[in-house]
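Survey of secondary and tertiary structure
So you can see what is in the structure, the chains are spelled out below.
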Number of protein chains: 2
Amino acid sequence: MMIDRLFESVEQRGVVCLGLDTRLDYIPQQFQPNATISDRLFQFNKRIIDATIDVVACYKVQIAYYEAYGIEGLLAYKNTLNYLREQGTIAIADVKRGDIADTASQYAKAHFEGDFESDFITLNAYMGYDTLEPYFPYFATGRKGAFVLVRTSNPGAKDIEYLDCGEKKVYEIVGENTQRIGEQFIGRSGYSAIGAVMGCTNIDEAAKMRSQLDKSFFLIPGFGAQGGSAENVATLLHRGNGGVVNSSRAILLHYRKFEGQENKFDEFARLEAITMNDKIQQEIQRSK
Amino acid sequence: MMIDRLFESVEQRGVVCLGLDTRLDYIPQQFQPNATISDRLFQFNKRIIDATIDVVACYKVQIAYYEAYGIEGLLAYKNTLNYLREQGTIAIADVKRGDIADTASQYAKAHFEGDFESDFITLNAYMGYDTLEPYFPYFATGRKGAFVLVRTSNPGAKDIEYLDCGEKKVYEIVGENTQRIGEQFIGRSGYSAIGAVMGCTNIDEAAKMRSQLDKSFFLIPGFGAQGGSAENVATLLHRGNGGVVNSSRAILLHYRKFEGQENKFDEFARLEAITMNDKIQQEIQRSK
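Rules used throughout
- Residues numbered from 1 in each chain as written.
- Chains lettered and ligands numbered in written order.
- Predicted model: local features only at pLDDT ≥ 70, side-chain atom pairs only at ≥ 80, totals over all residues.
- Heavy atoms only, no water.
- Pairing = 2+ DSSP bridges.
- Helix = DSSP H or I, 4+ residues; strand = E, 2+ residues; numbered from the N terminus.
- Axes fitted to C-alpha atoms, helices over the stretch in contact; angles between N-to-C directions.
- Parallel < 35°, antiparallel > 145°, perpendicular 65-115°, else oblique.
- Left-handed = near helix turned anticlockwise from the far one by under 90°.
- Contact = heavy atoms within 4.5 Å.
- Nonpolar A, V, L, I, M, F, W, Y, C, P; charged D, E, K, R; others polar.
- Expected span 1.5 Å × (residues − 1).
- Buried < 20%, exposed > 50% of the residue type's maximum accessible area, 1.4 Å probe, protein only.

Our focus in this paragraph is the sheet that holds strand E4 (residues 120-123) of chain B. All names here are of chain B. Overall, parallel pairing links the eight strands, which are arranged E1-E2-E3-E4-E5-E8-E9-E10 in a closed barrel. Neighbour-to-neighbour, the strand axes of this sheet turn through a mean angle of 30°, independent of strand direction. Across two bridges, the pairing between strand E8 (residues 194-198) and strand E9 (residues 218-220) is parallel. Across the sheet, the residue bridging to Ala196 is Phe218, located in E9.

The next thing to look at is the packing of helix H2 (residues 37-52) of chain A against helix H4 (residues 70-86) of chain A. All names here are of chain A. Running from N to C, H2 and H4 cross one another at 25°; their axes reach a closest spacing of 8 Å. Between H2 and H4, the interaxial angle falls into the category roughly parallel. Judged by the twist between their axes, the crossing of H2 over H4 is right-handed. Between H2 and H4, the contacting residues are Ile37, Ser38, Leu41, Phe42, Asn45, Lys46, Ile49 and Asp50 on the first element and Glu72, Gly73, Leu75, Ala76, Asn79, Thr80, Tyr83 and Leu84 on the second. When its residues are assigned to classes, the contact of H2 with H4 shows eight nonpolar, five polar and three charged.

Let us now look at helix H4 (residues 70-86) of chain B. Between its first and last C-alpha, H4 of chain B extends 24 Å over 17 residues, near the 24 Å set by a 1.5 Å rise per residue. All of the buried residues along H4 of chain B are Gly70, Ile71, Gly73, Leu74, Ala76, Tyr77, Lys78, Thr80, Leu81, Tyr83 and Leu84 of chain B. Buried residues in H4 of chain B make contact with H4 of chain A together with helix H2 (37-52), strand E2 (58-62), helix H3 (64-67), strand E3 (91-97) and helix H5 (101-112) of chain B. Downstream of H4 of chain B by one or two residues, Gly88 of chain B has phi in the positive range, about 80°.

Another point: the packing of H2 of chain B against helix H11 (residues 265-286) of chain B. Residue and element names in this part refer to chain B. Two elements in contact, H2 and H11, have axes separated by 8 Å at closest approach and are oriented at 45°. By the angle class used here, H2 and H11 are oblique. Handedness of the H2/H11 crossing: right-handed. Counting all contacts with H2, which are made through Phe44, Arg47, Ile48, Ala51 and Thr52, the residues of H11 involved are Phe265, Asp266, Ala269 and Arg270.

This is the structure:
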């Protein structure tokens, strides 16, 4: 199953999920200045992928950054996903879709087949668990998976996710139900094809979530800039696996910390991905 | 403000929001059989729009149906939105986006500018109210608006939207907060640029929501096939305005109820849109 491939990838290459949230102004000015928008975005991504493929577990492509450039942007999105899959790595499409069943069937077709085919997608279950069902046939093939938004890392997480519903908060209920629904799609790694988006900004929560949701693989946002520490991340993991930690700008723009190194943006991305993984691995060792 | 234009449109043309959830298999086989996917989808939509523009308040374009055909589908999506705006009608992009602020800024750019520019979008606030803020500059221009998912019409609405949080349910809290946030963008019609998606499948709820959310314009799904009655719809409205009622398949496929009328699919769509509005107007009169 694809979730087992992700588990194996973490064993081999560490926990970094490199976020390709690429904006034109992230790209060094002298890099293919005359190419189309679509080509500049894609060629930048390709260089980043080539330089990091052996040091990251997977890639996450945030579709919003491509939608913002219209059809041109979506061509780059398509080419990036195709390239990731050609290279044999794992592509998470961060689309956060959530809609009624008929519509969700269309989203499933959109993101698990055709131009925008990816290995995993992110989903928003606010409208209910019936919105997840149209994706099940794809999970059942063993070739696809998803991460459902449970507890996000933004300040607004407190607004709805943290509402108290008797003894539990909304996000705990969503997490438990997501795991329960995912039990029909457990791989040999022990994790389900339906994982959870789980921010790493609170350590007590992290420990609780890891023990309650022991079959849920976590897609972990919030590391670094949003305040999530390596210690929090290590707490969300189980023996250094069971989750991948997203980082985007810190990796893509690491080259800017060094004057006159614009041409080597890909090498600096690689360095930062390695550094990030090392920090987290140290914490995993320390907490053993 | 755009919400006032929508209010005026309801005054003039009634409450129907025609959903352009167009699939290739909805299109009569003999209609442009040799055209590209993109052209077939767009030309079908164009015929529907031309035949209904004076009898519906606005159109809702569900992006999932276009994403499912990849780049080709999104070209049809772009052309449909552009055509709607050229014709001077009102286009709601049903994208249900919801993401952290940086990403939401990209979605705002994607759906309020450029290739995919629309007048209103739908938003999912599960991740919190900070995810709405990047759209505010567009609302402040008076030219754009949004509908936030509050209470949807699918069976799964009970799963998360209906969780009890003390005295209130999640959807009631989301509805109240959405209205409060929207108070900074109230138009001369008395409604805010930030409206709510409010299903019409429960009449007691409808009465309560209409009285509590008196400044929120409603985008109303669930009429007909999903069990929402004209009476429920009338209850969600205020003096026959303050909301638009979505219908898609019942209108687009009305031609199939009549043998050998495939060529007149657009005329049958018009008839069904008129019939639907008439039913609701009768109920509005009755409940006065």
